[in-house]
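Geometric and topological summary
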Amino acid sequence: MKDSVIVLVSGGMDSATLLWFAKEKFSKVYAISFDYGQKHKIELSFAKELIKEADVEKHFIVEVPHLKGIKGSALTDENIQVPSEEYPEGPPITTVPMRNLNFLSIAASFADIYEIENIGIGIHSVDSPYPDCRAEFASSVEAAINASSIMVAKKKNRITVWTPFLGMSKTDVLKIGLELKVPYEKTYSCYRGTLPPCGECATCRQREEAFRSLGVEDPIKKIKR
Ligand SMILES: [Zn+2]
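Residues numbered from 1 in each chain as written. Predicted model: local features only at pLDDT ≥ 70, side-chain atom pairs only at ≥ 80, totals over all residues. Heavy atoms only, no water.

**Things to note about the state of the cysteines**
Chemically, a disulfide is nothing more than a covalent bond linking the sulfur atoms of two cysteines. Considering all chains together, one arrives at zero disulfides under this definition. The cysteine Cys133 is free of any disulfide, with Cys201 supplying the nearest cysteine sulfur at 15 Å. Look at Cys201 and you get buried, because its relative accessible area is 0%. (Disulfide = S-S within 2.5 Å. Buried < 20%, exposed > 50% of the residue type's maximum accessible area, 1.4 Å probe, protein only.)

Below, the structure is given as structure tokens:
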């Protein structure tokens, strides 16, 4: 078993699965979540409950207010609607500029101080429309983190950006999670922040498709406001 990991947990199904997967692979598991002014802030309350059940070493919740201030994304800008259609060719309007770069660098600060050698992020599809969810992004950030780490400079070790789901589909990720008995009723994916989830936004559709393709009912559907 490897030593320690800090997992980025949004409250959605991918990061929840990663958290449960991390518990199998690492002896010490930390979690970090971000309040970045997302409209679907409800995901944070799901993340808190989920992480309680995961029983991690520590759950850090960090405010990232500048992402809200910049606006320009349907996830943070009140003037832009979350669209109902599937992902287009280019980066979707729900892309938050440099979100994962911000998050990973913040997680790396915690990794440096708590001497955590792995930072887990639940990115999966190789050709994600989100630029900061791709393999090239993860390897570049890993290089930058190692080049700027106090711990690495002192101990001559490495920090790994751990992306075990890279190359998988959402259905593949769900399959792993069902085997690990991830409590999906405590996860939340909808970009619109409604309860029950809207069922129309791209992330709702992807989640629904993953559950449908495995012939499993999504337990979030039983939760009502
Ligand atoms: Zn939705």
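Back to the write-up after that little detour.
**What about the pairing of strand β2 (residues 26-35)?**
With eight of its 10 residues buried, β2 lies for the most part within the structure. Looking at chain direction, strand β1 (residues 2-8) and β2 are connected through six bridges and run parallel. By the bridge assignment for β2, Val5 is matched with Val29. Where the polypeptide runs from β1 across helix α1 (residues 13-25) and back to β2, its parallel neighbour, the crossover connection is right-handed. (Helix = DSSP H or I, 4+ residues; strand = E, 2+ residues; numbered from the N terminus. Pairing = 2+ DSSP bridges. Right-handed = clockwise from strand over helix to strand, strands pointing away.)

**Observations regarding the coordination of the zinc ion**
Note on the zinc ion: its protein donors are Cys190 (SG), Cys198 (SG), Cys201 (SG) and Cys204 (SG). The metal-donor distances range over 2.3 to 2.4 Å. Bound by four donor atoms, the zinc ion shows angles of 103 to 117 degrees at the metal and therefore tetrahedral coordination geometry. When the donor residues of the zinc ion are listed from N- to C-terminus, their spacing reads C-x7-C-x2-C-x2-C. Taken together, the positions of Cys190 in the loop between α7 (170-179) and α8 (202-213) and Cys204 in helix α8 put the pair 14 residues apart, joining distant regions of the chain. For the pair formed by Cys190 and Cys204, the shared burial category is buried. (Donors = N, O, S within 2.8 Å, 3.2 Å for Na, K, Ca; no water. Tetrahedral: all angles 85-135°; square planar, octahedral: opposite > 155°, others 65-115°.)

These results come straight from atomic positions and should not be treated as a statement about function.
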